[in-house]
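Listed here are the chains, written in short residue letters.
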Amino acid sequence: MLIPHPLLGPRDSSEFSYLGDASLMDRPDGMAPDAAERFHDYVHLRDNPAGIHRELWFHEQGDRSWLVVTRNTVTHEILGAELARDARKGGAA
Amino acid sequence: MWRNPDPQPSYDYVIIGGGGHGLATAYYLANTFKKSRIAVLEKSWLGSGNIGRNTTIIRSNYLLPGNEPFYEFSMKLWEGLEQEFNFNAMVSQRGILNLLHTDAQRDAYRRRGNAMILAGADAELLDRDGVRAMYPWLNFDNARFPIKGGLLQRRAGTARHDGVAWGYARGADRAGVDLIQNCEVTGMRIENGRICGVETSRGYIAAGKVGVAVAGSSGRVMAMAGMRLPIESHVLQAFVSEGLKPVIDGVITFGAGHFYVSQSDKGGLVFGGDIDGYNSYAQRGNLGVVEDVAQGGMALMPMIGRARLLRIWGGIMDMSMDGSPIIDRTRIEGLFLNAGWCYGGFKATPASGYAFAHLLATDTPLESARAYRLDRFARGYPIDEKGMGATPNLH
Amino acid sequence: MTRLSGGLIDRSRSLSFTFDGKSYTGHAGDTLASALLANGVRLMGRSFKYHRPRGVFSAGSEEPNALVELRSGARQEPNTRATVAELFDGLDARSQNRIGSLSFDLMAVNDLFSPFLTAGFYYKTFMWPRAFWEKLYEPAIRRAAGLGSLTHRPDPDGYDAGYLHCDLLVIGGGAAGLAAALTAARTGARVILADEDFRLGGRLLAESNPLEMPAPEWIAGIEAEFASLPNLRVMRRTTVWGAFDHGIYGAVERVSDHLAEPGKRVRQTLWRITARRAILASGATERHIPFANNDRPGIMLAGALRAYANRWAVSPAQRVAIFTSNDDGHRTALDLAAKGVEIAAVIDARTDILSQGSYRTIAGAQVTGSRGRLGLRRIQVTQGGTSEWLDCGALGIAGGWNPNLHLASHHRGRPQWNEAAQAFLAQEGFVPGLTIAGAAAGQGSTARALASGAEAARAALEALGITAGLPDLPQAEDASLNQYPLWHVPGQDRAWVDFQNDVTVKDIKLAHQENMRPVEHLKRWTTLGMATDQGKTSNVTALAVMAELTGQSINQTGTTIFRPPYTPVSLSVLGGGDTGPHFRPRRLTPTHDWATSQGAIFVEVGQWMRAQYFPRVGETHWRQTVDREVLSTRKGVGICDVTTLGKIDVQGGDAGEFLDRVYANAMKSLKVGMVRYGLMLREDGFAWDDGTCARLAETHYVVTTTTANAGTIYRHMEFCRQCLWPELDVQLISTTDAWAQLSVAGPNARKLLERVVDGFDLSNETFPFMACANLTICGGLRARLFRISFSGELAYEIAVPARYGNALMARLIEKGADLGATPYGTEALGVMRIEKGHAAGNELNGQTTAQMLGMGRMVSTKKDSIGAVMSRRDGMVAERRVLVGLQPVDPTDPVVAGSHLFTKGAVQDTANDQGWITSACFSPHVGSAIGLGYLENGAERMGEVITAANPLQKQSVMLRVVSAHFVDPEGVRLRA
Ligand SMILES: Cc1cc2nc3c(=O)[nH]c(=O)nc-3n(C[C@H](O)[C@H](O)[C@H](O)COP(=O)(O)OP(=O)(O)OC[C@H]3O[C@@H](n4cnc5c(N)ncnc54)[C@H](O)[C@@H]3O)c2cc1C
């Protein structure tokens, strides 16, 4: 696969490490009273969609940025990629 | 081999998924637990999923007490399977050898081998010479990761995947189970927290109890019941070479090189490696892993180089958060789940079917499958053989 | 049989070769198959199951029958298709799958048992009595398995892997592919044209006069133009075998398979081609028509007969018949007749057919039988209920053409049956970016192939914003097939559908009776299409037969799809040639050269090679060496390269806050100039990694990880920084390779270091245990010093820029000669950390908790950090196993890691299992073996004698539970 790196252009996916659903960016507050339940959801449960999936890839053999890649899990078509920092700051995550 | 019935309007037991586990569940429900009015709903043809795509290794060489007794139970069922259902699934106990390359790995395998023996399974720890005596043509002298020994389970081996599915299917059919092909479950009717039946591509089917055994599709199907699972779907590729005269007797795994291999009765080298590593429902993988697997094979056994790869395919793995399966009831009454088999559910087929049938029939878990609870993640009792944590693609 | 006239072989170059030990000659330009035919050899192989005698069936890579073992010795290569093996001088091939000789194969008895060996027979037999399957039946079946054989010897040849990029990849160099490549290359776009053959032209080479001018002439002109275009790369002998995601194609170039030996070149290269667009111009494969005993040597595809005659100037027999259901069969007859081959008859299944040449045409007829044990002698022709036997040595069968859609279905797109084309066609977009042209798209005539190739290229480039003009293309043959659907000839005798796997029409009927009707069941039950040709010549025929049986249309019956690779690919080339020690990269530590010069023994630690121990003259066993290294360190001073530990530089105003969130324990409060032990949890609450965290300045920390987790922890910290808390002012960089780090441990450590530091005060008061500092050594060399200890001794770790590591090692050993300075390796390091009770990989195996490590209280409840919440789950709090030390009651007893722990006298089973030994070693300090292990309620069981069971090695030993700190439990030495 080719990942369209927002800064570096298309890069082979073998340069990246995959983590999983971009919801992993939404870490709950560990000090909140319902932290136990929310962390269980966060750590373990997944939508696991057949279709569009926002997911985290790390450019390990490259510039070491974390990307949020939007990809179709049925066709593997990639619809976009952005820096995780941007996704996070934009509140889009 | 079996009838091709149309679905009845209602059943006592509806099993979703006509793969190995679904068919085995129906088989034991009917034959062992003497239940009737059972249907298996399969969206495609029987055995079209992972049961017909896997690399057919059966073994009970697990470490953890949550797993090992279950897989050993499965191994015992394999050993009597063909007589049980009078169909040759070609169970062949030619042994599995897990190679080791470091002292730390030896320690870990010793722990595992002892756990196996303590659970009533067989295990042998081989040193380098022991491995050499079995497989003198492995790369001992010119390797990046020299072979220092291996953990051998002689009772492990392979079985013919289609034969297993067909044997259970035929046995279930003969016991009156309706095997309904081309019948995709598209929705679940749930009222007051209780399941009443399923919507399918062939109409609504009412059900007393519903057992879901859809492997890689678990997330999709359970979403129909509004549930999110501790599971991700990933693709695993498998490979077979052209037919060759016998060169490899048993199963060999090379963890350090992400490669495992056996030779089928027809002569093809059947091999594989790691999952591709990204969420996928595509039933096909990518070139990087193909190369990676071939590199592992060539590093371990350079004698296979002149053979040719014949076919590559992929299956969708239900990768769970701890790498171990779930056989449990759910918060919806009457809805039961069998999932999370990762790349290792073929060997579990008999025990999984038996345990799921037990649960469906008696509402109590089979003793050796007690650990496979759905709430173990929330409660902190993961069964994590590899120690990789909640990262499915690392299991 | 002698050669015919013409052809594209070089008669001036004779090549000699052997087949089954017999010598023959052929010509440059021949394949093994054409050369054998030219020598009158029709029998080339045996089928898989029934060992039926078989001859060549095709003239291309779809060949199911003529598979041979090519070459000998370590280069022996099984299952090579004689039809694509280029002839070279000295070629040596043998037939396969026989016991005895090819013409007298003892296994041919299987054919007599064929009534029992039909589809699915395995499944319903052989399971009784129980023991017989494994002892008797299966071994027999396994012995009979397979076709060719491997030698058990490593492949001696070299292989390579490379990457290519292009705007347009054209797959196939026949009429359509040549037109496409020409159209595209003239625009200046980057184009790759790949063809599996050694000659461009595809089917053009097999036809007598497809173009207005002789085809080779036209091709030569194009090739000349190609040679002048630097933006075009023509790859002959290159099979594009797989279509992967995002325009990535796998291809294998057979660089020197056409030579006796590769010499200095590689044998093959694996190319990963990334193409913005691709055109599949892979042509079509002819179908046969099963009839009774249709598998004799001499019976082959009619198009292949024509190819052998036109391209290779050879016919398998002097008298030939054709069986056809379309116009194409007649063309074969005409071409053969033109070359002087006698046409026994053209048997056309269609009625109302006029003879097209001066030979006999039998219309409305079918071939219903054949004779000739090792080669065809005559065929039976039935027309309207009457039969006759015709003598002929070869029969060409023309059943229509199947487009070669394989690559187009690699993304699992399922081709649809097209009535008009009488063929399965791929849909647009099956593989994004891939379009199909020529016969592969059902555009069978030469004229339409040329035009569709050019147009496909134009359209593909247009999508990339490149404008291409259509080239002038020659006038070409433009006949249509007039295909009549005839899928098999009914009859009682066996009619083969899949030759290699011996699947007959009867087997398909059996599958139908068994209700194995879905095409995938059909395939699996009968093994149809699972041989080395992946059913290229059988699948469509088989499912048409199934459709006939079920009364469904072909489309309702469906089709199986092809999987990569298009044709089988050698495992060597897929491995890319990086075998043996080059299988994975090897990282060397900065002191590697020095260690080598000292005769160190090295060990693989993940990617690294580390010095394991440094044997000295007179030491005959590794234990002697390790004991010496341990004792020298504990008595004097030892030096060990610990560079492999991961090092991460953490800087920024929020560095402390960041580390507070990443580590279970607090780091913000760490004072500048001090180091703290740090424990990291995974988010699921289990212990992940440990190391040290040094604060070099207010906004500058350096943290270490274990060697194994260096990459993972860095990735995780970047995840935390970029994905979780981008608002924090913190920067990370991995400096593992930038700094060489040496551990200097032992009572003389300070004395030794005083000899290298530049006036730095190392006294306990100014530089106490857990201090750290930037400093210079050896007269100005930048360095970092950490007073930390893994061994339990007074110890430091000193870091210098990596390139000085080797020199520093040498310097320290030299300066410390009188202090007993001794290098030690990972083995002694391991012993000393066990003696001190420090956890390492065996204890931190991803399944253990902070509590088990005795560090439960380190997980701060005052702050939120990764893993803290989940570490408080019930099951983890309920965990009772903790790390303890273990010592044998009888000091001569071994302590073996991986043993399981039981209360003395307890029944040894899973239920009573109380833990296990994680690490063990011989402790020169204690004078016996010792171990660490996790034991249930271990902290309360000090002094208890328990059993360590190792049934795997039939050992059982009594151990006493002791503190994990075998050395200096009070930590006096550390702080000295
Ligand atoms: C390449 C590969 C290699 C493997 N190798 C091994 C191995 O060597 N050893 C081993 O032990 N295991 C192996 N496995 C794993 C093993 O194959 C699986 O864990 C196991 O087969 C899963 O259980 P199953 O047979 O019930 O699944 P499946 O056969 O996948 O059955 C699930 C069925 O559910 C059906 N389904 C899905 N959704 C619906 C719906 N909505 N309605 C109706 N039906 C539906 C599917 O069509 C499918 O038939 C491998 C897997 C793969 C892919």
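Residues numbered from 1 in each chain as written. Chains lettered and ligands numbered in written order. Predicted model: local features only at pLDDT ≥ 70, side-chain atom pairs only at ≥ 80, totals over all residues. Heavy atoms only, no water.

**Student:** Please clarify how the overall build of chain B should be interpreted in this entry.
**Tutor:** On a plain count of helices and strands, chain B comes out with 9 helices and 18 strands. Against the globule reference of 21 Å for 395 residues, chain B gives a C-alpha radius of gyration of 21 Å, in line with a compact fold. Taking the principal axes of the C-alpha coordinates as reference, chain B spans close to 65 × 45 × 40 Å. Expressed as a percentage of contacts within chain B between residues at least 6 apart in sequence, the contacts between residues at least 24 apart total 75%. (Helix = DSSP H or I, 4+ residues; strand = E, 2+ residues; numbered from the N terminus. Rg over C-alpha atoms; globule rule 2.2 N^0.38 Å. Contact = heavy atoms within 4.5 Å.)

**Student:** Help me understand the packing of aromatic side chains in this model?
**Tutor:** The description of an aromatic ring pair uses the distance of the two centres, along with the angle that the planes make with each other. Residues and elements named next belong to chain B. Enumeration according to the criterion identifies 42 aromatic pairs over all chains in this entry. On the numbers, 5.3 Å between centres and 75 degrees between planes, the contact of Y27 with Y168 is edge-to-face. With Y27 in helix α1 (residues 20-31) and Y168 in helix α5 (residues 161-174), the pair connects residues that are 141 residues apart, well separated along the chain. The exposure class assigned to Y27 is buried, which follows from its relative accessible area of 4%. On the basis of relative accessible area, Y168 is assigned to the buried category, the value being 0%. Positioned above the aromatic ring of Y204, the side-chain terminus of R189 is 3.7 Å from the ring centre. (Phe/Tyr/Trp six-rings, centres within 6.5 Å; stacked < 30°, edge-to-face > 60°. Buried < 20%, exposed > 50% of the residue type's maximum accessible area, 1.4 Å probe, protein only. Lys NZ or Arg CZ within 6 Å of the ring centre and 35° of its normal.)

**Student:** Looking at this structure, I do not really get the interface of chain B and chain C. What am I missing?
**Tutor:** By a widespread convention, an interface's size corresponds to the accessible area lost as its parts come together. Listed by partner, the interface residues are 113 residues for chain B and 116 residues for chain C. Taking both partners together, chain B and chain C bury about 9600 Å²; carbon and sulfur atoms supply 55% of that area. Area buried by chain B at its contact with chain C is led by L118, R144 and R306 of chain B, which between them contribute 11% of it. Connecting chain B to chain C are 11 salt bridges. Summed over the shared surface of chain B and chain C, the result is 58 residue pairs in polar contact (both at pLDDT 80 or more). (Buried area = accessible area lost by both parts, 1.4 Å probe. Salt bridge = Lys/Arg side-chain N within 4 Å of Asp/Glu carboxyl O. Polar contact = N/O pair within 3.5 Å; in protein donor to acceptor, adjacent residues only side chain to side chain.)

**Student:** Would you explain the interface of chain C and chain A in this entry?
**Tutor:** The interface is formed by 29 residues belonging to chain C together with 33 residues belonging to chain A. Interface of chain C and chain A: buried area, both sides summed, is about 2500 Å²; carbon and sulfur atoms make up 59% of it. The largest share of the area that chain C buries against chain A comes from H246, R715 and Q722 of chain C, three residues that together contribute 24% of it. Scanning the region where chain C abuts chain A turns up 4 salt bridges.

**Student:** Would you take a moment to explain the pairing of strand β49 (residues 955-962) of chain C for this structure?
**Tutor:** Along any regular strand, the residues point their side chains to alternate faces of the sheet. Residues and elements named next belong to chain C. Where strand β44 (residues 881-888) meets β49, 4 bridges bridge the pair, whose relative direction is antiparallel. Bridging from a neighbouring strand, Q887 pairs with R960 of β49. Here strand β48 (residues 945-950) folds back onto β49, and the loop between the two strands holds 4 residues, one of which, K954, carries a positive phi near 55 degrees. (Pairing = 2+ DSSP bridges.)

**Student:** Just to check I follow, could you spell out the side chain of T532 of chain C for this structure?
**Tutor:** Mapped onto the elements of the fold, T532 of chain C is located in the loop between α11 (519-526) and α12 (539-550). Each residue touching T532 of chain C, except ones within four places of it in the same chain, is listed here: E242 and L310 of chain B together with L67, N79, L147, Q500 and P568 of chain C.

**Student:** Please clarify how the sheet that holds strand β22 (residues 394-398) of chain C should be interpreted in this entry.
**Tutor:** All names here are of chain C. Within the open sheet, the 5 strands sit side by side as β15-β22-β16-β17-β18. Their pairing is parallel. For this open sheet the edge positions go to β15 (299-301) and β18 (361-363), each flanked by a neighbour on one side alone. Across the sheet, the axes of successive neighbouring strands diverge by a mean angle of 20 degrees, strand direction being ignored. Bridge analysis of strand β16 (residues 319-324) against strand β17 (residues 342-348) gives 6 bridges, and the strand direction is parallel. Across the sheet, residue F323 finds its bridge partner in β17, namely I347. In the packing of helix α7 (residues 302-310) onto the sheet, contacts are made with β15, β16 and β22, and the angle to β15 comes to roughly 85 degrees. Packing of helix α8 (residues 328-338) onto the sheet brings it into contact with β16, β17, β18 and β22, and relative to β16 it is tilted by some 165 degrees. (Axes fitted to C-alpha atoms, helices over the stretch in contact; angles between N-to-C directions.)

**Student:** Explain the site of the ligand to me, please; I cannot follow it from the model alone.
**Tutor:** All names here are of chain B. Neighbouring residues of the ligand: 37 residues in total, closest G20, E42, N50, Y343 and K347. Within the contact set of the ligand, a nitrogen atom lies 2.9 Å away from a backbone nitrogen or oxygen of I57. Interatomic distance of 2.9 Å between a backbone N/O atom of G345 and an oxygen atom of the ligand. Relative to its unbound accessible area of 990 Å², the ligand is 97% covered by the protein chains. Across the shell around the ligand, the residue classes tally to 17 nonpolar, 15 polar and 5 charged. (Near = heavy atom within 4 Å. Areas by Shrake-Rupley, 256 points an atom, 1.4 Å probe, with all protein chains shown as cover. Nonpolar A, V, L, I, M, F, W, Y, C, P; charged D, E, K, R; others polar.)

**Student:** Would you take a moment to explain helix α6 (residues 215-227) of chain C for this structure?
**Tutor:** One full turn of an α-helix is made of 3.6 residues, so residues set three or four places apart face in the same direction. Residue and element names in this part refer to chain C. Across its 13 residues, α6 extends 18 Å between first and last C-alpha, which sits within 8% of the 18 Å expected from 1.5 Å per residue. If you check which residues of α6 are buried, you get A215, W218, I219, I222 and F226. End-on view of α6: buried residues confined to an arc of 95 degrees, all on one side of the axis. Opposite the packed face of α6, turned more than 90 degrees from it, sit the exposed residues E217, A224 and A227. (Expected span 1.5 Å × (residues − 1). Arc of directions from axis to C-beta.)

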